[in-house]
Amino acid sequence: MIKNYLKIALRNFQKHKGYSFLNIAGFSIGMACCLLILIYIRHELSYDRFHKDGDRVYRIVQDIRNQTANRIFAPISPMVAPTLKADYPQVEYAARAIPTSARLVRREGTFFYEDRFMYADQELLDVLTFQFIQGNPQEALTRPNTLVISQRIAHKYFGNVDPLGKTLEINQLQYEITGVVADSPENTHIRYDLIASLKTLKDWNEMSNWYSTMFYTYLKLKPNVNVEEFSSQIIRLADKYVGEQLESWGTVYHYFLQPLSSIHLHSHIRYEIESPGNPVYITIFSFVGLFILLIACLNFMNLSTARAANRAKEVGLRKVVGAQKLQLIGQFLGESLLVALLSLGLAMVIARFAVPFLNRLTGISLSFDALLNPVVLLSLIGGAFLAGLAAGLYPAFVLSSFRPAVTLKGIISAGSRGLSMRTVLVVVQFSISVVLIIGTLTMYKQFKFMKNQYLGFEKEQKLILPLRGGINIQENFEAVKDMFSQHPSIAGITVSSTVPGRGVSNFSIRLVGEDDSKNQSMFHMYFDDDFIPDYGIEMVAGRAFQKEMKTDFMGAFLINEAAVKAFGWSSPEEALGKRLLTGHGGRTNPVIGVTKDFHYRGLQSQVEPLVMEFLPWIFRYITLSIDITDLKDTLAFVRSHWKALWPGHPFEYFFLDTDFDRQYRADEQVGSVFGIFTLLGLVIACLGLLGLASFTAESRTKEIGIRKVLGASVGGIVLMLSRQFTKWVLLANCIAWPVAYYFMFRWLKNFAYRASLGIWPFVLSGAFAVLIAFLTVSYQSIKAAISNPIDSLKYE
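Residues numbered from 1 in each chain as written. Predicted model: local features only at pLDDT ≥ 70, side-chain atom pairs only at ≥ 80, totals over all residues. Heavy atoms only, no water.

Trainee: Give me the packing of aromatic side chains: which residues, what numbers.
Mentor: Applying the stated criterion across every chain, the model contains 36 aromatic pairs. On the numbers, 6.0 Å between centres and 80 degrees between planes, the contact of Phe-447 with Trp-747 is edge-to-face. Here Phe-447 is found in helix H15 (residues 419-452), whereas its partner Trp-747 is found in helix H24 (residues 714-748), with 300 residues between them in sequence. Across the pair, Trp-747 and Phe-447 agree in class, each one buried. The ring of Tyr-535 is capped by Lys-462, whose NZ or CZ atom sits 5.6 Å from the centre of that ring. (Phe/Tyr/Trp six-rings, centres within 6.5 Å; stacked < 30°, edge-to-face > 60°. Helix = DSSP H or I, 4+ residues; strand = E, 2+ residues; numbered from the N terminus. Buried < 20%, exposed > 50% of the residue type's maximum accessible area, 1.4 Å probe, protein only. Lys NZ or Arg CZ within 6 Å of the ring centre and 35° of its normal.)

Rendered as structure tokens:
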């Protein structure tokens, strides 16, 4: 029986190649989208789940609270880890790590900047899982100036030579290589290439206090520890040691645990090592995948029920010779399951070739192998089975319910049953498609808004030279500026600790002469007297730093408007002359000016209070304001002077506008992927509409022939055949608009500065959906309208 059903199913596929293609193509594209989304979601959820005993590994973070604010920091005091190890028997291992800025790594004539460098305790190798290829993990970082490197670094600097016991020079300091580990996985929040012993740091004593927030601290608890009870014990850990001092400041330190596997998606706190993921996008893509698969299932249901009349006689004959209704249902469900399984196989092939494209689009190293896990494969087959069952259940009941006496007389006409159901299915399909189109346009509008919004400073034509690898211009920054200023295309030069979009430091700041309720934790920037005019930042009160004013050099502060509000002053002028004490160095200086708020971070975040100071020893960037008319010549000039100043350091540069927009790259990549899936969903919906239009035209062949004989024009017939489908798509818009508004309004709330939702995404989405639907239907309508009426009247 099953063999007979299989033969009949294959014959039907062969007989109706067009409909079979539309069904399998729609299902395959829908499943391929789901597979790609599944690969992405599995990747995001897999972060830091490869560590041994990962369920016992935690990171400790710190919540610093005072009367005015509370801020949560990922790096904490270096005192926490040894204190926990010594005083709490629940702790098996505790370790600290300090990822640093780029280091200049040199071996013989080879030198490069390396970004993934960190100092770490030996116990970090016990807390986290590192796959050692060479060396002893029990003692690799026990001595100062020892180093563990990745395979990539070993090959880059040593080639085929065994690196163990050899040395690398890093920022003019020699390190002995004591271990080689496998390259850092993609799915971890703490990526590494070089791990140096924490004992190497010379200024260790200066950092060993409870107030420093520089060390990322990890611990592994012993088996069967009650985590909630342990968390409650350490929440006020610092009180035992510095409680009186904290109380005098009106400050409270709270410590709490973060499961290692939750950091990537659920930890959006200050100074994360890597930019965290966004769980909102996991939810969005999950729904997109389900919606696209739903569109494909609706396609199958639509085309199957539309062709019901073509198989009515087959059903009648089977019932006459004794077939039961359940047998017929089984036959038709079998056909739908066969389509689903064939589509799954084709979808796997599509996904295999699409993964590299998705990697280029997202900047993530996704692997198709994630689908080849036996459990995942069985789940996919089960999912395909359920999708085929869901898509085929309704058509199976419709087809098996025909009465033999009626069907054998040929009374059932095409489209006489299920029309209202097919209307619902088409409306649902295009409602989903319109929602996705509105989402795509809204994302594009928001990303364009962020890139074009005025930031409060001039970011165009700014050439940035990062000073990395130990370059120090504290003593000669004025001479360096004079040297670069000799080229006529360079209009301005300034030096600073950072540039907008590259991160800022956060330190405590106290208002001298006021009670502790005025204490704040604020972001800090350090720059010279040319920064404000070169960046075009507006002063709203007081003045900027001036070279002529010697007291401005490490002796004055600028603040922004947000800081004025944070201190509770009624106007910027009220801030002038007030004396502030910074927690970074303990300097007490007056406020000499207030700047208009400018966006030193991306538009995802509010402009927060900012303190600015003229502090040369922390300068890390040179900004050149250039004329790009002859960019090649200007770059050659800058490169030659760089080599003259710092011959042992690679020349690197970037443009500020491009670099600042880098903060939006992850969101833009998500928007691009969303747009592609939206397009594929629309293609699937149009495939179904094309099949329905073809069937409708076929079922009205004689009517079209008669109308043409009576003088109907081609345009009139096209309009007649298209009107019905156009009405369905217009109805779909009416349903989709309020749904899309609700979801996109909620999505935009994730941005501190956002574009207005407006009416245009809705109008354009609706018009585009109607146009695409009309063109899809018109193809079949025109084909039917221009056919010879004599052939039409001979039909059947």
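Trainee: Break down the sheet that holds strand S14 (residues 462-466) for me, with residues and values.
Mentor: Either a parallel or an antiparallel arrangement is found when strands of a sheet pair, and the pairing is made through backbone hydrogen bonds. Pairing is antiparallel in the open sheet, where 4 strands are placed in the order S15-S23-S14-S24. Lying at the two open borders of the sheet, with one neighbouring strand each, are strand S15 (490-496) and strand S24 (654-655). Of the pairings in the sheet, the one linking S15 to strand S23 (residues 621-626) comprises 6 bridges and is antiparallel in character. Residue Ile-490 lies in a different strand from S23, and its bridge partner there is Ile-626. (Pairing = 2+ DSSP bridges.)

Trainee: An account of the confidence of the model for the protein is needed here, citing residue identities and associated values.
Mentor: In this model, the protein carries a mean pLDDT of 84, and residues with pLDDT of at least 70 account for 85%. Contacts for the low-pLDDT stretch residues 413-418, under 50 throughout, to residues beyond four places or in other chains number 10 contacts. (pLDDT = per-residue confidence, 0-100. Contact = heavy atoms within 4.5 Å.)

Trainee: If you had to explain the pairing of strand S16 (residues 505-511) to someone new, which residues and values would you point to?
Mentor: Where S16 and strand S17 (residues 520-526) come together, 5 bridges link them in antiparallel fashion. Opposite Phe-507, over in S17, you have Met-522 as the bridge partner. One ladder, built from 3 bridges, connects S16 with strand S20 (residues 579-582); its direction is antiparallel. Its bridge partner lying in S20, Arg-510 is registered against Leu-581.

Trainee: So what about the environment of Pro-650? Which residues, and what values?
Mentor: Examined against the element boundaries, Pro-650 turns out to sit in the loop between helix H20 (631-645) and S24. The class of Pro-650 is buried, set by a relative accessible area of 18%. Not counting the four nearest positions on each side in its chain, Pro-650 is found in contact with Leu-104, Phe-111, Phe-112, Tyr-113 and Trp-642.

Trainee: Please provide a residue-by-residue account of the nonpolar core, values included.
Mentor: Judged by nonpolar contacts, the single largest core of 132 residues is most densely connected at Phe-430, Ile-622 and Leu-624. Here this core gets 13 residues from one element, more than from any other, and that element is H15. Sequence-distant contacts of Leu-624, that is, excluding residues within four places in its chain, are made with Gln-461, Lys-462, Leu-463, Leu-465, Phe-484, Ile-490, Gly-492, Ile-493 and Val-638. Residues Ala-97, Leu-124, Leu-125 and Phe-130 belong to the second largest nonpolar core, which totals 25 residues. (Core = buried A, V, L, I, M, F, W, Y, C linked by side-chain atoms within 4.5 Å.)

Trainee: Run through the packing of helix H16 (residues 477-484) against H20, naming residues and quoting values.
Mentor: At their nearest, the axes of H16 and H20 sit 10 Å apart, and the two run at 145 degrees to each other. Every pair of crossing elements has a handedness; the one defined by H16 and H20 is right-handed. Mapping the contact onto sequence places Val-480, Met-483 and Phe-484 in H16 and Phe-637, Val-638, His-641, Trp-642 and Leu-645 in H20. Considered class by class, the residues forming the contact of H16 with H20 number 7 nonpolar, 1 polar and no charged. (Axes fitted to C-alpha atoms, helices over the stretch in contact; angles between N-to-C directions. Left-handed = near helix turned anticlockwise from the far one by under 90°. Nonpolar A, V, L, I, M, F, W, Y, C, P; charged D, E, K, R; others polar.)

Trainee: Quick one: what's the story with unusual backbone geometry, residue by residue and with numbers?
Mentor: The phi dihedral of Gln-172 falls on the positive side, at around 65 degrees, and the residue is not glycine. Examined against the element boundaries, Gln-172 turns out to sit in the loop between strand S9 (167-170) and strand S10 (173-181). In the Ramachandran plot, Asn-224 falls in the positive-phi region, its phi being about 65 degrees despite a non-glycine side chain. Positionally, Asn-224 belongs in the loop between strand S12 (216-221) and helix H7 (227-234).

Trainee: I'd like a rundown of H16, residues and numbers included.
Mentor: For H16, the full list of buried residues reads Phe-477, Val-480, Lys-481 and Phe-484. Mapping the buried residues of H16 onto a view down its axis gives an arc of 100 degrees, with all of them on the same face. (Arc of directions from axis to C-beta.)

Trainee: Go over a nonpolar patch on the surface, please, and point to the residues and values.
Mentor: Residues Trp-737, Ile-759, Trp-760, Val-763 and Leu-764 make up a contiguous nonpolar surface patch of about 500 Å² in total accessible area. Ranked by residues supplied to the nonpolar patch, first place goes to helix H25 (residues 760-785) with 3 residues. Residue position: Leu-764 is located in helix H25. By relative accessible area, which is 48% here, Leu-764 ends up partly exposed. (Patch = residues over 30% accessible without salt bridge, like charges linked within 9 Å, V, L, I, M, F, W, Y side chains within 5 Å. Areas by Shrake-Rupley, 256 points an atom, 1.4 Å probe, with all protein chains shown as cover. Salt bridge = Lys/Arg side-chain N within 4 Å of Asp/Glu carboxyl O.)

Trainee: Please set out the environment of Gln-520 residue by residue, giving values where relevant.
Mentor: Following the sequence through the fold, Gln-520 ends up in strand S17. When the C-alpha positions of Gln-520 and Arg-510 are compared, they lie 6.3 Å apart, and in sequence the two are 10 residues distant.

Trainee: Hey, could you go over the pattern of salt bridges for me, with residue numbers and the actual values?
Mentor: Throughout the structure, instances matching the rule amount to 28 salt bridges. Close ionic contact of Asp-239 with Arg-236 constitutes a salt bridge, the shortest N to O distance being 2.7 Å. Residue class for Arg-236 comes out partly exposed when judged on its relative accessible area of 40%. Among the ionic pairs, Lys-459 bridges to Asp-661, the shortest N-O distance being 3.2 Å. Taken as a pair, Lys-459 in the loop between H15 and S14 and Asp-661 in helix H21 (residues 656-661) lie far apart in primary sequence, 202 residues in all. Accessibility assignment for this pair places Lys-459 and Asp-661 in one class, buried.

Trainee: Tell me what's going on with the side chain of Thr-498, and back it up with residues and numbers.
Mentor: Mapped onto the elements, Thr-498 comes out in the loop between S15 and S16. Taking relative accessible area as the criterion, Thr-498 reaches 4% and is therefore assigned buried. At a separation of 2.8 Å, a polar atom in the side chain of Thr-498 contacts the main-chain carbonyl oxygen of Gly-503. Setting aside residues no more than four positions away along its own chain, Thr-498 makes contact with Gly-503, Val-504, Met-525, Phe-531 and Tyr-621. (Polar contact = N/O pair within 3.5 Å; in protein donor to acceptor, adjacent residues only side chain to side chain.)

Trainee: Kindly report on the pairing of strand S3 (residues 91-99), identifying the contributing residues and their values.
Mentor: Where S3 and S12 come together, 6 bridges link them in antiparallel fashion. If you follow Ala-94 over to S12, its bridge partner there is Leu-219. Across 3 bridges, S3 lies against strand S6 (residues 117-120) in antiparallel orientation. Each bridged residue has a counterpart across the sheet, and for Ala-97 the counterpart in S6 is Ala-120.

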